[in-house]
Amino acid sequence: MGNRERWILERLVPEGSSGQKRDSRLWERLVPGGSTGKKRDSRLLELLYPRRCPVCGDVAWPKGALACPECRRKLAFIEEPTCKRCGREISAPEMEFCRDCASRKRSLDGAVALLHYDAAARRSIAGFKYGGRPEYADFYAEELARRYGRQLLRWRPQAIVPVPADRRRQRVRGYNQAQVLAERLGAALHLPVLPQALIRRRHTLAQKELGPAARQKNLEQAIEIYRYPPGLARVLLADDIYTTGSTAEACARALKKAGLRQVYGVWVCVAGAD
Ligand SMILES: [Zn+2]
Ligand SMILES: [Zn+2]
């Protein structure tokens, strides 16, 4: 249950005790004789927040769909051939890597991406990130798992690590969108999520004002490995968007410096063409 849902529950049942008991009391009040467990929780959430389509932003139709079928067709899904490192679509099938990955040192061992970062994807991600729509992650995770589930599991990741958010920005937003994505994807692929494996130590300088080298250094100083189980060797790094690759690179470097052997990426969107 997210912070927003918990906040609502606390105000709906102020005298209630915590956790399960309070939830079930509220549930009894809303839907007498309601079913139990996860199904009940999702029905409760559906009642409080009818699911929104990640493309049009309206209530998704038909009821229970993660996105309107019409809207799904408006999305530009990434197709093969793709870069073996970052997951970006490449124009020449004989190439292994995109121009970007071929021209500099990259620490990622592979990646997959769902969408081109076009106008429709940009709107969707804006809603997910700033518009208080963490539920869009259900759609992204389901599509990623459906298209790439087998490939992702073939990499034998032991866990999913979300790209850490700047704490100040996360506080304003209420959640780290990469973590929400990681959790949904973890549920779909039955993989644990390590939300504290990487942290962003301090507010970084405005990246936009820096050149590529300074940008990389700035990020690498900020992203640190923090809490992870011993023996961790292979992870999936999850983020909503892959643009220049500098954030993913900083994360992959930090993980590998800590002894991880393989770091793979999974992104909702990739910006920029090959
Ligand atoms: Zn729609
Ligand atoms: Zn690439």
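Now for a quick tour of the structure.

Digging into the overall build of the protein
Each helix and strand in the protein was counted, giving 11 helices and 6 strands. Here the protein holds 274 residues, and the buried ones make up 35% of them. Put simply, 70% of the contacts in the protein that link residues at least 6 apart link residues at least 24 apart.

Focus on the packing of helix 7 (residues 136-154) against helix 9 (residues 177-189)
Each pair of packed helices gets described by two things: the angle between the helix axes and the distance between those axes. Remark: helix 7 packs on helix 9, axes separated minimally by 9 Å, with the N-to-C direction vectors making an angle of 50 degrees. What the angle tells us is that helix 7 and helix 9 run oblique. The hand of the helix 7/helix 9 crossing is right-handed. Of the residues in helix 9, those touching helix 7 at Ala-137, Asp-138, Tyr-140, Ala-141, Glu-142, Leu-144, Ala-145, Gly-149, Leu-152 and Leu-153 are Val-180, Leu-181, Arg-184, Leu-185, Ala-188 and Leu-189. Here the contact of helix 7 with helix 9 is composed, by residue class, of 12 nonpolar, 1 polar and 3 charged.

Focus: the packing of helix 10 (residues 212-222) against helix 11 (residues 246-257)
Contact geometry for helix 10 and helix 11: axes closest at 9 Å, N-to-C directions at 45 degrees. On the basis of the axis angle, helix 10 is oblique to helix 11. As helix 10 packs across helix 11, the resulting crossing turns out to be right-handed. Of the residues in helix 11, those touching helix 10 at Arg-215, Gln-216, Leu-219 and Glu-220 are Ser-246, Thr-247, Glu-249, Ala-250 and Arg-253.

What counts, and at which threshold
Numbering of residues starts from 1 in every chain and runs along the sequence as written. Here every chain gets a letter starting at A, and every ligand a number starting at 1, in the order they are written. In keeping with the predicted nature of the model, local features appear solely for residues at pLDDT of at least 70, side-chain atom pairs appear and are counted solely at 80 or more, and the whole-chain, interface and lining totals rest on all residues. The helix and strand labels rest on DSSP assignments: H or I over at least four residues marks a helix, E over at least two residues marks a strand, and numbering proceeds from the N terminus. Buried, partly exposed and exposed are defined by the number of other C-beta atoms within 10 Å of a residue's own C-beta, namely 20 or more, between the two limits, and 12 or fewer respectively, with C-beta atoms placed from the backbone. A residue pair is marked as a contact if its C-beta atoms, positioned from the backbone, fall within 7 Å. Axis definition: a line fit to C-alpha positions, over the contact stretch in the case of helices; interaxial angles, taken between N-to-C directions, run 0 to 180 degrees. The cut-offs work like this: below 35 degrees is roughly parallel, past 145 is roughly antiparallel, 65 to 115 is roughly perpendicular, and the gaps in between are oblique. Working rule for handedness: look at the near helix, and if it is turned counterclockwise from the far one by less than a right angle, call the crossing left-handed; if clockwise, right-handed. In this classification, Asp, Glu, Lys and Arg are treated as charged, Ala, Val, Leu, Ile, Met, Phe, Trp, Tyr, Cys and Pro as nonpolar, and every other residue, Gly included, as polar.

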